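Structure at a glance
Each chain is listed here by its residues.
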Amino acid sequence: MSEPTYPLPDVMAGKKDKDMTSKDACELLQRGSLVLAQMEGNGMRINEDYLAKTIRDVSERIRRLQIKLRGDDVYRVWRREFGGQANLGSRDQLAKVIFNTLEYPYVGAKTSTGRYRADEEVLAQIDLPFVRRYLKVERLKKLRSTYLEGLKREIVDGYIHPTFSLHTVRSFRSSADTPNVQNVPARNSDYAEIVRRCYLPSPGNVLVEIDYRALEVRISACYNKDPALIEYIKDPNKDMHRDAAAGLYMLSEDEAANEAIRYMGKNGFVFPEFYGSVYYQCAPPLWEAANKLSLSDGTLLQDHLASCGIIELGKCDPKLDPRTGTFEAHVRSYEDDFWNRRFRVYSEWKRRWFEAYLKTGRFRMLTGFEIHGLFSRNDALNYGIQGSAFHCLLWSLIRLQDWLNETGKKTKIVAEIHDSLLLDGPEDELQEVLTAARRIMTEDIRKAWPWIIVPLEVEVEVSKTNWFEKELWVESGGKWVPKD
DNA sequence: CACTGGAGCCAC
DNA sequence: AAACGTGGCTCCAGTG
């Protein structure tokens, strides 16, 4: 079936001298909608036999664990308290049993509605086999209901057809539903493997995922034009997450390059700070992690910090000034250095951007979206970056679909996850498709949108089997090959 | 019985 | 002043 060709709106052709406008934004959404609709029609192939077997296995595990739970003394107490109302699925009831009846100490704040928090973090502190088993069951139930049953429910002739929307998100990102394929467990979950094995390429095809590398950071640099940030982006030897970890934990660059330690620099400080978090919120998780992470010689990070004179976290109360010598005080001083010295241009941009928003009640994204309304400071600073980053992906989807149509390829775009796209296509088209996709995503887009003042990079993964078992591919001497 | 909001947890 | 940005899905608990 041949696809209709649409006239090329301004937004796709590029803006030379003038800024992008709302008209460009509208055209992007219109063209984007057509591509997303086509994606929905394409759908993603699902391994129904494996899915059915997995649901059976997980159900059996849940059943056995629940039998043990019902035989536990704690559940007898539970039954005594709640009688016929007793419900193993109620965390609220569990919390009352533990903290009221069994009188385990509850530390920290309650929820906004005055209930005990009963999440994994709180329950993990309770040293009872019943609670450990309870958490296991809850995780398995989430796995089964959301990711397995929720997937099965949407299968039609071996394919799911998730909906992608452009009208639901405040920052003008996209969203996905029925099922939401934008939150399928990935790296940080032990059931990424179980779920992702359900997603297949079509018969004879391969599955390809192409990610923009650090897209939001790059787009943020297009707004704030901070030379230090741009340098971090351009120089492959520089690494701001490693540097943050080094500063926060008082380590050398080499020590901070350790994967788990660098991870805390990135997800415990740099990203939260970029989203508007502050030192007294960052400090506690960083301190907790320091009690688990060790240097290569086996020294615990907290012991290392102690040897540098830091032996306690501090109160982390925004109303109190951190006491000298606490970890909290150290994180504050690193934060001060981070924003007022290292990224002072970024910092200055935030001040000016928010001031302009307060004056006018509006701001305009680099992609032309004119946004007005009542926003918090963090919202006003984040929406433009988050939205425009996604618009780069949307632009690329449109261009790639055009190219696939023009060249008569069989490869189909089947999903999009904010800064990445998923293809399902024959292996013999792979070389040409990867080359075109990378050109579109990193070169063509910069010609159309010259406001992108930093290089863009993509990461390519290919799988002949399923969405879990994918290999990193790189281009080498004009040919795409698996890395190593 | 339908609906709603909270809480929790998955993603980027 | 605000206090980590954006979503979707599931279950529970409460309401009318």
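For the structure itself, consult the block above.
Let me sum up the structure you'll find in this document.

So, how was this worked out
- Residues numbered from 1 in each chain as written.
- Chains lettered and ligands numbered in written order.
- Predicted model: local features only at pLDDT ≥ 70, side-chain atom pairs only at ≥ 80, totals over all residues.
- Heavy atoms only, no water.
- Helix = DSSP H or I, 4+ residues; strand = E, 2+ residues; numbered from the N terminus.
- Rg over C-alpha atoms; globule rule 2.2 N^0.38 Å.
- Buried < 20%, exposed > 50% of the residue type's maximum accessible area, 1.4 Å probe, protein only.
- Contact = heavy atoms within 4.5 Å.
- Areas by Shrake-Rupley, 256 points an atom, 1.4 Å probe, with all protein chains shown as cover.
- Near = heavy atom within 4 Å.
- Polar contact = N/O pair within 3.5 Å; in protein donor to acceptor, adjacent residues only side chain to side chain.
- Pairing = 2+ DSSP bridges.
- Expected span 1.5 Å × (residues − 1).
- Bend = angle between axes of the 7 residues up to and from the residue.
- Axes fitted to C-alpha atoms, helices over the stretch in contact; angles between N-to-C directions.
- Salt bridge = Lys/Arg side-chain N within 4 Å of Asp/Glu carboxyl O.
- Nonpolar A, V, L, I, M, F, W, Y, C, P; charged D, E, K, R; others polar.

**Focus on the overall build of chain A**
When helices and strands are counted, chain A shows 19 helices and 13 strands. Rg of the C-alpha trace for chain A: 25 Å, near the compact-globule value of 23 Å for 484 residues, within the 12% margin. Across the 484 residues that make up chain A, the buried fraction comes to 49%. In chain A, once contacts between residues fewer than 6 apart in sequence are set aside, the share between residues at least 24 apart is 63%. As displayed, chain A has an accessible area near 24300 Å², and 48% of this comes from carbon and sulfur atoms.

**Notes on the protein's contact with DNA strand B**
The full set close to DNA strand B counts 24 residues, and Thr-111, Thr-113, Ala-118, Asn-183 and Ala-186 are the nearest of them. Among all atoms of DNA strand B positioned within 4 Å of the protein, those belonging to sugar or phosphate total 88%. One of the side-chain N or O atoms of Arg-173 is found 2.9 Å from a base oxygen in DNA strand B. Ranked by the residues each element gives to the surface near DNA strand B, the list is headed by helix α7 (residues 129-152), at three residues.

**A look at the sheet that holds strand β1 (residues 44-46)**
What links the strands of a sheet is backbone hydrogen bonding, and the strands pair in either a parallel or an antiparallel sense. Spatial ordering of the open sheet is given by β2-β1-β5, a layout of three strands whose pairing is antiparallel. Sheet topology places β2 (159-160) and β5 (199-200) at the edges, where each strand pairs with a single neighbour. Bridge count for β1 against β2 is two bridges, and the pairing is antiparallel. Its bridge partner lying in β2, Arg-45 is registered against Tyr-159.

**Here's the deal with helix α19 (residues 430-448)**
In this model α19 runs 25 Å from its N-terminal to its C-terminal C-alpha over 19 residues, within 8% of the 27 Å that 1.5 Å per residue would give. Of all the bends in α19, the greatest measures close to 40 degrees and is centred on Ile-440. Burial in α19 covers these residues: Leu-430, Val-433, Leu-434, Ala-436, Ala-437, Ile-440, Met-441, Thr-442, Asp-444, Ile-445 and Ala-448.

**What about the sheet that holds strand β9 (residues 412-416)?**
As summarised here, the arrangement of the six strands in space is β9-β10-β6-β11-β12-β13, forming an open sheet in which the pairing is antiparallel. Two strands lie at the open edges of the sheet, namely β9 and β13 (479-482), each paired on one side alone. Ignoring strand direction, the axes of neighbouring strands in this sheet form an average angle of 30 degrees. Pairing of β9 with strand β10 (residues 420-426) involves four bridges; the strand directions are antiparallel.

**As for the environment of Ala-244**
Relative to the elements of secondary structure, Ala-244 occurs in helix α11 (residues 240-249). We classify Ala-244 as buried; its relative accessible area is 0%. Taking C-alpha positions, Ala-244 is 8.4 Å from Ala-256, a pair spaced 12 residues apart along the chain. With residues up to four places along the chain from it excluded, the contact list for Ala-244 reads Gly-265, Phe-269, Val-270 and Tyr-334.

**Considerations on the pattern of salt bridges**
Within this structure, the stated rule accounts for 36 salt bridges. Two residues, Arg-91 and Glu-138, come together in a salt bridge whose shortest N-O distance is 3.6 Å. On the criterion of sequence distance, the pair formed by Arg-91 in helix α5 (residues 91-101) and Glu-138 in helix α7 is long-range, its members being 47 residues apart. The class of Arg-91 is partly exposed, set by a relative accessible area of 30%. Ionic contacts of the salt-bridge type, sharing partners, join the residues Arg-213, Arg-218, Glu-457 and Glu-459 into one network.

**Overview of the protein's contact with DNA strand C**
The environment of DNA strand C is formed by 31 residues, the closest being Ser-90, Arg-153, Tyr-280, Gln-281 and Tyr-383. By atom count, sugar and phosphate contribute 75% of the portion of DNA strand C lying within 4 Å of the protein. Arg-153 is positioned with one of its side-chain polar atoms (N or O) 2.5 Å from a phosphate oxygen of DNA strand C. Gln-386 has a polar side-chain atom sitting 2.8 Å from a sugar or linking oxygen of DNA strand C. Residue assignment for the surface near DNA strand C shows that the elements contributing at least two residues are α7, β4 (175-177), α14 (279-290) and α18 (377-406). Among the elements that take part in the surface near DNA strand C, α18 stands out by supplying five residues, more than any other. Each residue belonging to the surface near DNA strand C can be placed in one class, and the counts come to seven nonpolar, 17 polar and seven charged.

**Thoughts on the pairing of β10**
With respect to burial, β10 is a largely interior element, seven of its seven residues being buried. Between β9 and the antiparallel strand that follows it, β10, lie three residues; His-418 among them carries a positive phi value of about 65 degrees.

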